[in-house]
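# What the coordinates show
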Amino acid sequence: MNILVLCTGNSCRSQMAEGYLKHFAKDNASIYSAGVETHGVNPRAIAIMKEDGIDISKHTSNNLEEYMDIHFDYILTVCDNANERCPFFPGKAERLHYNFFDPSKVDGSEEEIHNAFTKTRNQIRAYCKDFVEKNIVTH
C-alpha cells in the first residue's frame, strides 16, 4: 500500500504526518510526503516530533512531481492550499483532506510558537493513528 501526504511546502504538517504514519503503520505501508513546492524540513517540526519520540530529522522536502509514476492507494492533503492545487494523479487513489493549522505562521513568543506546534502535532498524531486503524492492517 502506498500513501502520499501532500502539503504546500512539504516542510511541516506533511512531514509530521509522514512521521506518524510510518510509526503507526510500521512496515504495512509505504509512506511518502511531498509539496506543491519545497521549502525544506522545518527545524521546529523536527524538534516537536522529537519531543514525542519520532525522528524526522532525515526526512527530505520533496516535490510531488517526483512521485507521478507511483500508484497511490491514498492521497492525504493536510492543508487547503495543497488540496486546491493538487494535480490529477493517475490510478484510483482515494483522496482524503483535513486542513491542519500551520504552526509555522505563528508570530509570537517562543512559548506561543511551541504551543502552536504542539497543538498541530497532537492533532496530526490523532488523525494519523485513526487513519491507520481504519485503513491499514497492522497485525
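Residues numbered from 1 in each chain as written. Predicted model: local features only at pLDDT ≥ 70, side-chain atom pairs only at ≥ 80, totals over all residues. Heavy atoms only, no water.

## Quick look at helix α2 (residues 43-50)
When we look at burial in α2, the residues that qualify are Ala 45, Ile 48 and Met 49. Buried residues of α2, viewed axially, fall in a sector of 100 degrees; they line one side. Of the residues in α2, the exposed ones pointing more than 90 degrees away from the buried face are Pro 43 and Lys 50. Packed against the buried residues of α2 are α1 (13-25) and α4 (110-135). (Buried < 20%, exposed > 50% of the residue type's maximum accessible area, 1.4 Å probe, protein only. Helix = DSSP H or I, 4+ residues; strand = E, 2+ residues; numbered from the N terminus. Arc of directions from axis to C-beta. Contact = heavy atoms within 4.5 Å.)

## Considerations on the environment of Asn 99
Residue position: Asn 99 is located in the loop between β4 (94-97) and α4. The exposure class of Asn 99 is partly exposed, given its relative accessible area of 40%. Spatially, the C-alpha atoms of Asn 99 and Asn 115 are 18 Å apart, while their sequence positions differ by 16 residues. The contact partners of Asn 99, leaving out residues within four places of it in the chain, are Arg 13, Val 78, Cys 79 and Asp 80.

## Looking at unusual backbone geometry
Note: most peptide bonds trans; most residues except glycine with negative phi. Phi at Asn 10 is positive, roughly 50 degrees, even though this residue is not glycine. By relative accessible area, which is 0% here, Asn 10 ends up buried. Positive phi, close to 55 degrees, is recorded for Lys 26, a residue that is not glycine. With respect to the helices, strands and loops of the structure, Lys 26 is situated in the loop between α1 and β2 (30-35). Overall, Lys 26 belongs to the exposed group, its relative accessible area being 53%.

## Considering the packing of α2 against α4
Viewed as axis vectors pointing N to C, α2 and α4 meet at an angle of 65 degrees, and their least axial separation amounts to 10 Å. Here α2 is positioned roughly perpendicular relative to α4, judged by the angle of their axes. Every pair of crossing elements has a handedness; the one defined by α2 and α4 is right-handed. Contact residues: Arg 44, Ala 45, Ile 48 and Met 49 in α2; Glu 110, Ile 113, His 114, Phe 117, Thr 118 and Arg 121 in α4. Among the residues making up the contact of α2 with α4, the classes are represented as 5 nonpolar, 2 polar and 3 charged. (Axes fitted to C-alpha atoms, helices over the stretch in contact; angles between N-to-C directions. Parallel < 35°, antiparallel > 145°, perpendicular 65-115°, else oblique. Left-handed = near helix turned anticlockwise from the far one by under 90°. Nonpolar A, V, L, I, M, F, W, Y, C, P; charged D, E, K, R; others polar.)

## Side note on the packing of α1 against α4
Running from amino to carboxyl end, α1 crosses α4 at an angle of 40 degrees, the nearest separation of the two axes being 9 Å. Here α1 lies oblique to α4, going by the angle between them. In the crossing of α1 with α4, the sense of the turn from one axis to the other is right-handed. Of the residues in α4, those touching α1 at Arg 13, Met 16, Ala 17, Tyr 20, Leu 21, Phe 24 and Ala 25 are Thr 120, Arg 121, Ile 124, Arg 125, Cys 128, Lys 129, Phe 131 and Val 132. For the contact of α1 with α4, the residue count by class is 10 nonpolar, 1 polar and 4 charged.

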